[in-house]
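One-letter residues, chain by chain:
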Amino acid sequence: MPALTIEMTKIVIGPEASRLLTQISHFLASKDIPAFIVGGLVRDMLLGRDTADIDIAVDADAPAVAREAAACLGGAYVELDDVNRIGRVVLPENKWQVDFTTLQGDITQDLARRDFTIDAMAAALDKSLKTITVNDIIDPFNGRQDLDRRLIRAVSDSVFTSDPARLMRAARLAAELGFDIEEGTEKLIVNNSHLVTGVAGERIREELLRLLALPGAAGRLFYLDRLGLLTALFPELEPARGVEQPKLHVWDVFDHSIQTVAAVEFVLRESGCDFAGEDALAAVPWSDKLRRHFDREISRGSTGRTMLKLAALLHDIAKPQTRTVDGERTRFLGHPDQGAAAAAAIMTRLRFSKREIQLVALLIKYHLRPTQMSHEGLPTARAVYRFFRDTGEVGIDLLYLCLADHLAARGNTLDMAGWREHTRETEYVLSRYPAAENQAAPGNIFNGNDVMQSLKLKPGPAVGELLEALREARAAGEIATRAQALKYLKRLFRERAGTN
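Here the structure is a predicted model, which means the values were calculated and not measured. (Residues numbered from 1 in each chain as written. Predicted model: local features only at pLDDT ≥ 70, side-chain atom pairs only at ≥ 80, totals over all residues. Heavy atoms only, no water.)

1. What to know about the overall build of the protein chain
Scanning the protein chain for helices and strands turns up 24 helices and 14 strands. Principal-axis analysis of the C-alpha atoms gives the protein chain an extent of 90 × 55 × 35 Å. Partitioning the contacts of the protein chain with sequence separation of at least 6, the portion at a separation of at least 24 is 70%. Of the roughly 22800 Å² of accessible surface on the protein chain, a fraction of 49% belongs to carbon and sulfur atoms. When the 63 basic and 69 acidic side-chain charges of the protein chain are each reduced to a single mean position, those positions are 8 Å apart. (Helix = DSSP H or I, 4+ residues; strand = E, 2+ residues; numbered from the N terminus. Contact = heavy atoms within 4.5 Å. Areas by Shrake-Rupley, 256 points an atom, 1.4 Å probe, with all protein chains shown as cover. Lys, Arg positive; Asp, Glu negative; His and termini not counted. Charge placed at Lys NZ, Arg CZ, Asp CG, Glu CD.)

2. Notes on the environment of A171
Examined against the element boundaries, A171 turns out to sit in helix α7 (residues 165-177). Placed 124 residues apart in sequence, A171 and D295 show a C-alpha to C-alpha distance of 24 Å. If we ignore the near neighbours within four places in the chain, the residues touching A171 are I181, R220 and L224.

3. A look at the packing of helix α23 (residues 461-475) against helix α24 (residues 482-497)
Helix-helix packing is characterised by the crossing angle of the two axes and by the distance between the axes. For the pair α23 and α24, the least separation of the axes is 10 Å and the interaxial angle reads 130°. Looking at the two axes, α23 sits oblique to α24. Of the two elements, α23 crosses α24, and the hand of that crossing is right-handed. Contact residues: α23 offers E465, L466, A469, L470 and A473, while α24 offers A485, Y488, L489, L492, F493 and R496. A breakdown of the residues in the contact of α23 with α24 according to their chemical character gives nine nonpolar, no polar and two charged. (Axes fitted to C-alpha atoms, helices over the stretch in contact; angles between N-to-C directions. Parallel < 35°, antiparallel > 145°, perpendicular 65-115°, else oblique. Left-handed = near helix turned anticlockwise from the far one by under 90°. Nonpolar A, V, L, I, M, F, W, Y, C, P; charged D, E, K, R; others polar.)

4. Describing the nonpolar core
Of all hydrophobic cores here, the largest spans 146 residues; its most connected members are L28, I56, F100, F234, L310, Y400 and W419. When near neighbours in sequence (up to four residues on either side) are disregarded, L28 contacts I33, A35, I56, V58, V65 and L125. One finds A469, A473, I479 and A485 within the second-largest nonpolar core, a separate group that totals 14 residues. (Core = buried A, V, L, I, M, F, W, Y, C linked by side-chain atoms within 4.5 Å. Buried < 20%, exposed > 50% of the residue type's maximum accessible area, 1.4 Å probe, protein only.)

5. Considerations on unusual backbone geometry
Not every positive phi belongs to a glycine, and N142 is a case in point at roughly 60°. Here N142 shows up in the loop between β8 (131-133) and α5 (143-149).

6. Re the pairing of strand β14 (residues 329-332)
Alternating positions in β14 separate cleanly, T330 and F332 being buried on one face and R329 and R331 remaining unburied on the opposite face. In this sheet, β14 lies alongside strand β13 (residues 323-326) in antiparallel orientation, the contact comprising four bridges. Within β14, the residue paired with D326 across the bridge is R329. The hairpin formed by β13 and β14 contains two residues between the paired strands, and G327 there has a positive phi angle of roughly 70°. (Pairing = 2+ DSSP bridges.)

7. Considerations on the sheet that holds strand β5 (residues 86-90)
In space, the six strands of this open sheet follow the order β4-β5-β6-β3-β2-β7, with mixed pairing throughout. Each of the sheet's edge strands pairs with one partner strand only, and the pair in question is β4 (76-81) and β7 (122-124). Neighbour-to-neighbour, the strand axes of the sheet open up by a mean angle of 30°, direction not taken into account. Bridge count for strand β2 (residues 35-38) against strand β3 (residues 53-58) is four bridges, and the pairing is antiparallel. Considered in β3, the bridge of V38 is made with D55. The strands touched by helix α1 (residues 15-30) within the sheet are β2, β3 and β6 (97-102), with β3 carrying the most contacts at an inclination of about 20°.

8. Observations concerning the confidence of the model for the protein chain
The predicted model of the protein chain has a mean per-residue pLDDT of 88, with 93% of residues at 70 or higher. Segment residues 1-8 is flagged for pLDDT under 50; beyond a separation of four residues in sequence, or across chains, it makes 16 contacts in the model. (pLDDT = per-residue confidence, 0-100.)

9. A closer look at α24
Between its terminal C-alpha atoms α24 stretches 22 Å, which fits the 22 Å expected from 16 residues at 1.5 Å a residue. Among the residues of α24, A485, Y488, L489 and L492 are the ones counted as buried. Seen end-on, α24 carries its buried residues on one side only, within an arc spanning 100°. Turned more than 90 degrees off the buried face of α24, the exposed positions are A483 and K487. Along its buried surface, α24 packs onto α19 (381-391), α22 (448-455) and α23. (Expected span 1.5 Å × (residues − 1). Arc of directions from axis to C-beta.)

10. Re the pattern of salt bridges
Following the criterion strictly, the structure yields 35 salt bridges and no others. A salt bridge links D146 to R153; its shortest N-O distance comes to 3.0 Å. A salt bridge links E206 to R210; the shortest N-O distance between them is 4.0 Å. Linking E206 with R210, this pair stays in helix α9 (residues 201-212), spanning four residues, or about one helical turn. (Salt bridge = Lys/Arg side-chain N within 4 Å of Asp/Glu carboxyl O.)

11. Description of the packing of aromatic side chains
Under the counting rule described, the total for this entry stands at six aromatic pairs. Relative to Y400, the ring of F294 has its centre 5.2 Å away and its plane inclined at 75°; by these criteria the two rings are edge-to-face. Of this pair, F294 sits in helix α14 (residues 288-295) while Y400 sits in helix α20 (residues 395-410), and the two are 106 residues apart along the sequence. Taking relative accessible area as the criterion, Y400 reaches 0% and is therefore assigned buried. Above the face of the F254 ring, R241 is positioned so that its terminal group lies 4.1 Å from the ring centre. Positioned over the ring face of F332 is K319, at 4.7 Å from the centre of the ring. (Phe/Tyr/Trp six-rings, centres within 6.5 Å; stacked < 30°, edge-to-face > 60°. Lys NZ or Arg CZ within 6 Å of the ring centre and 35° of its normal.)

12. Quick notes on the pairing of β3
Remark: a regular strand shows side chains that alternate across the two faces of the sheet. The element β3 is extensively covered by neighbouring structure, given that five of its six residues are classed as buried. In this sheet, β6 lies alongside β3 in parallel orientation, the contact comprising six bridges. Residue pairing in the sheet places I56 in a bridge with F100 of β6.

13. A few points about the environment of F27
If you trace the backbone, F27 turns up in helix α1. Here F27 falls in the buried class, since its relative accessible area comes to 9%. Separated by 46 residues in the primary sequence, F27 and L73 place their C-alpha atoms 9.1 Å from one another. When sequence neighbours within four positions are dropped, the list of residues in contact with F27 reads V65, E68, A69 and C72.

In C-alpha cells form, the structure reads like this:
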C-alpha cells in the first residue's frame, strides 16, 4: 500500500463532534477537571476519517466522571473496565459513544501507557472545538510517522500484558484502516496471544463484531489464527483442525468453517471470492429488500450480516465429536444440534445478547434444513410452510448460509449445474415466503375458540394441534374458506379419533 502523506496544518472537526466535544469541555470545566482528547479521534481526524468513538483522558476517577457526564448529556453509563478504570457514555439519539479513562501521570506519561503509536497522540480539551492545528497535537511516539507508513506499532513491549484486549484491537484496527501490523508488534501478539482468554467478554464481543462487520472478514479470521488468537478465543474450534470430511469437501472442518464466512460475504455481495466467480454470483437471488434484511440491527453493534458470519464460523463446530467412519462413509450425525448448544455456550461466555444467541443457535441447528425440504424437484407448499414455521426470523438467513456452505464445501471444484439448481430452489422458497407467512394465519377463518365450539372440545393440546394442522393446510392452498376449514377440521378430528 502507498504511504499516506499528512501535510495539513489545520484539522477541521465535524460539526456534530465539535458540538459534543464543546458540551463535554464545558461540563469538565465546570468540575475543574483537566482533560485531553486521546487516541482514535485524534488519529481519525488526521486521516480525515469519520468515527463514532471519542476517548477522553481525565485527571479524575474516570468511571465517576462518566456517570455524571452521562446524566449531563442525557446518555447511558456503561462500566467498561473496572480494573483499568474505563467508563463509557452511550448517547441514544446519535451514533456517538464516549470512553472516559483516568489520566495516568501527566499526558506524556499517560500516552506512554497506551497501545499503539497512532493512538498515542492527544490534544487538550480546554475550549470550544471547531479546529485544531497540527501543533496542538501531542505526539511523543511519532504516531503521525506511523500513520504515514500505514503501520500498527506497539508503544512498548508491555502493551499486551497491561491490557490483553489490545491483542484483538490490533487485528481489528489493522483491518479497519487497511494498515499492516509492524513485525515486532506481530511477534509480541503471538507471544502473548494466550492472554486474550482473560479479557472481559463484553470487550471481546465488541472487537469481534467490528471485525466481522468488515468486508474480507474471513481473511482476517485466518490472520487471527496465524497470530494464535482465533482458537484462544474459540478453543472449541481447535479440534476441527485437520478433521477430514467426505470427498465432496475440499477443505478440512477448520478451514471449511472460515471459508464458509468468505462464501457468506460473497453471496451477500460484500466481497469477491477466491473459489467462485461472477457466473456463480449471478445465479444467487438478490434485491434491495434482501439487502435491508441482512442490514437489520439485531442488538447494539450487530446486524443480520455479522450474525450470519458468526454462525458460518461456528456452524460445524460439533463435527469433530460427532464424526464416525463406516468403511468409506464419513458421517457427523447430530452435529447441528450439538453445534447449536456449543455456539450458545460460546456466545454466553462472550456476553452476546439473548437475541443474538438465539439467532445464531437457530442458524446452526437448522443449517442443513434447506437441503432437506425436497429430495427431487422444488419443495411443496407444505414443506416451505414448515420451514418458515420452524425457523421464524432466521429462515431467509438460513437459505444464504446453506448457499455459502455449498460453496465452501466444493471450493474451486464447484459444479455449476448443481449450483444453479440450488440457487433456483432458493429463489423459489424466497418467492413463497410471503405466501407461507400470510396463508399460515387462519385470520378470520378459524381460531382456537372456533375449533373448540365446532368440535365440542375442552382447552388442551389437541386444540393447538388441530389449529396448526389448519394453518399448514391453508399454507398449502388446500383450504380458503371457513366452510372448507370446518370440513377439513371435522375430517381430521375423526381420523385422529379413529372413527369414520
